[in-house]
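Residue-level listing of the chains:
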Number of protein chains: 2
Amino acid sequence: MRHRDWMQMALTEARAAAQAGEAPVGAVIVRAGTLLARAHNERETTGDPTAHAEIIAIRRAAAALGRWRLDDAVLYVTLEPCPMCAGAIVAARLRQLVYGARDEKGGGVDSVMRILAPGIWNHQVEVTAGVREEECAQALRDFFRDKRNP
Amino acid sequence: MRHRDWMQMALTEARAAAQAGEAPVGAVIVRAGTLLARAHNERETTGDPTAHAEIIAIRRAAAALGRWRLDDAVLYVTLEPCPMCAGAIVAARLRQLVYGARDEKGGGVDSVMRILAPGIWNHQVEVTAGVREEECAQALRDFFRDKRNP
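A. Structural detail: the confidence of the model for chain A. When pLDDT is averaged across chain A, the result is 97; 100% of the residues are at 70 or more. What the predictor reports for the complex is a pTM of 0.97 with an ipTM of 0.96.

Here is the structure:
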């Protein structure tokens, strides 16, 4: 499967989040062409401020592998990660981040801060942005429009 | 209780981490003069890359309050937070961070990045550094010296 196919799965997760009343962000983690974990934002449902899609997916992937190092794994997420999630990507030693839409107000990778920029940490993460960008952004726009006009 | 007293409790958590073979970092979260949560680093024990003291304490405090917003709460941690944990402090809307020792290679607050610097995010976090700094740093030095010369 290619980047666009894995991002499609992350988008399916994002839509499940919206149906649960959560801002639609979804993530999947893949290693050696195999799905390790999938998750969506659960902050409101769980009351856990760390329950972003990426954090949940990273915890599930680590549980699946039985170790905290997610070497060679790729995280796909529909929205540019916030600083917490960008930091978690370094903490988990993920090889690559692929994201969909930019988060102009909260993004910790390109938009507001550049936490994964080369040369800052010992561990380097490859970043690919803009995969299915318009669909990922549209899912968020639809959700917030419906919230304003229920 | 004052900053130094709560940091003493965080140091007790850090020493419990060391006894479990974890790098000694401890955290407590306090609100209205009352302890909400205490935790220590559990990354190796749990195999969870997000199981830093701060993240565990934040999740426990949110569970104790029954909501993800930790308004008016203060996080005490023995070591300067990494980017993930600095981001989690913003995500949880904590009022104040009080930390002990600097982390020159991994710190996301003062040393390597300044994720909590004023004017970046809508939510501002007050930062107080250097409380029981020498004891917090010594606990880490002792741990890594013992690891090298067991």
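Here the narrative resumes.
B. Highlighting the pairing of strand β2 (residues 34-40) of chain B. Residue and element names in this part refer to chain B. Across six bridges, strand β1 (residues 26-31) lies against β2 in antiparallel orientation. Note that in β2 the partner of isoleucine 29 across the bridge is alanine 37. Taking the residues that link successive antiparallel strands as the turn, the β1-β2 hairpin has two residues, and the phi of alanine 32 there is positive, at about 50°.

C. Structural context of empty space enclosed by the protein. All names here are of chain A. For the structure shown, the criterion picks out one cavity of 30 Å³ or more. In this structure, the largest cavity spans a volume of roughly 40 Å³. In terms of lining residues, the largest cavity is bounded by Val90, Leu116, Ala117, Ile120, Trp121, His123, Gln124 and Val125. The residue inventory of the lining of the largest cavity, partitioned by class, reads six nonpolar, two polar and no charged.

D. Up close: the side chain of threonine 78 of chain B. Considering the arrangement of structural elements, one finds threonine 78 of chain B in strand β3 (residues 73-79). For threonine 78 of chain B, a relative accessible area of 1% gives the class buried.

E. Geometry of helix α3 (residues 53-65) of chain A. All names here are of chain A. Compared with the 18 Å implied by 1.5 Å per residue over 13 residues, the 18 Å span of α3 between its first and last C-alpha is a close match. Taken as a whole, α3 has its buried residues at Ala53, Glu54, Ile55, Ile56, Ala57, Ile58, Ala61 and Ala62. On its buried side, α3 packs onto β1 (26-31), β2 (34-40), β3 (73-79) and α4 (83-91). Downstream of α3 by a residue or two, glycine 66 has a phi angle that is positive, lying close to 75°.

F. Looking closely at the sheet that holds strand β4 (residues 96-101) of chain A. Residues and elements named next belong to chain A. The sheet built from five strands is open, its strands ordered β2-β1-β3-β4-β5 with mixed pairing. Both outer strands of the open sheet, β2 and β5 (126-129), are each paired with one neighbouring strand and no more. Across the sheet, the axes of successive neighbouring strands diverge by a mean angle of 15°, strand direction being ignored. Each of β1, β2, β3, β4 and β5 is contacted by helix α1 (residues 3-19), which is oriented at about 30° to β2, the strand it contacts most.

G. A look at the packing of helix α3 (residues 53-65) of chain B against helix α4 (residues 83-91) of chain B. Residues and elements named next belong to chain B. Axis separation between α3 and α4 bottoms out at 9 Å; the angle between their running directions is 25°. Relative to α4, the element α3 is oriented roughly parallel. The two elements α3 and α4 cross, and the hand of that crossing is left-handed. When α3 is examined against α4, the residues Glu54, Ile55 and Ile58 are found in contact with a partner set consisting of Met84, Cys85, Ala88 and Ile89.

H. Quick look at the sheet that holds strand β4 (residues 96-101) of chain B. Residues and elements named next belong to chain B. Spatially, five strands are ordered β2-β1-β3-β4-β5 in an open sheet, and the strand pairing comes out mixed. Two strands in the sheet have a free side with no partner beyond their single neighbour: β2 and β5 (126-128). Geometrically, the sheet is characterised by an average inter-axis angle of 15° between neighbouring strands, direction not taken into account. Relative to the sheet, α3 contacts β1, β2 and β3, its axis offset from that of β2 by approximately 145°.

I. Examining the interface of chain B and chain A more closely. At the junction of the two partners, chain B supplies 28 residues and chain A supplies 28 residues. When the two sides are added together, the surface that chain B and chain A hide from each other amounts to roughly 2300 Å², 73% of it contributed by carbon and sulfur. Linking chain B with chain A are two salt bridges. One salt bridge in this structure joins arginine 59 of chain A and aspartate 48 of chain B, with 2.9 Å as the shortest N-O distance. Between the two partners, chain B and chain A, sit six residue pairs in polar contact (both at pLDDT 80 or more). If you tally residues by element for the side of chain B that touches chain A, the top one is α4 of chain B, at five residues. For the side of chain B that touches chain A, the per-class residue count stands at 15 nonpolar, five polar and eight charged.

About the cut-offs
Residues numbered from 1 in each chain as written. Chains lettered and ligands numbered in written order. Predicted model: local features only at pLDDT ≥ 70, side-chain atom pairs only at ≥ 80, totals over all residues. Heavy atoms only, no water. pLDDT = per-residue confidence, 0-100. Pairing = 2+ DSSP bridges. Helix = DSSP H or I, 4+ residues; strand = E, 2+ residues; numbered from the N terminus. 1 Å grid on protein atoms, 1.4 Å probe; cavity = no way out; pocket = protein on both sides within 12 Å on 5 of 7 lines; lining within 4 Å. Points joined across faces, edges and corners; volume = space filled by probe spheres on them. Nonpolar A, V, L, I, M, F, W, Y, C, P; charged D, E, K, R; others polar. Buried < 20%, exposed > 50% of the residue type's maximum accessible area, 1.4 Å probe, protein only. Expected span 1.5 Å × (residues − 1). Contact = heavy atoms within 4.5 Å. Axes fitted to C-alpha atoms, helices over the stretch in contact; angles between N-to-C directions. Parallel < 35°, antiparallel > 145°, perpendicular 65-115°, else oblique. Left-handed = near helix turned anticlockwise from the far one by under 90°. Buried area = accessible area lost by both parts, 1.4 Å probe. Salt bridge = Lys/Arg side-chain N within 4 Å of Asp/Glu carboxyl O. Polar contact = N/O pair within 3.5 Å; in protein donor to acceptor, adjacent residues only side chain to side chain.

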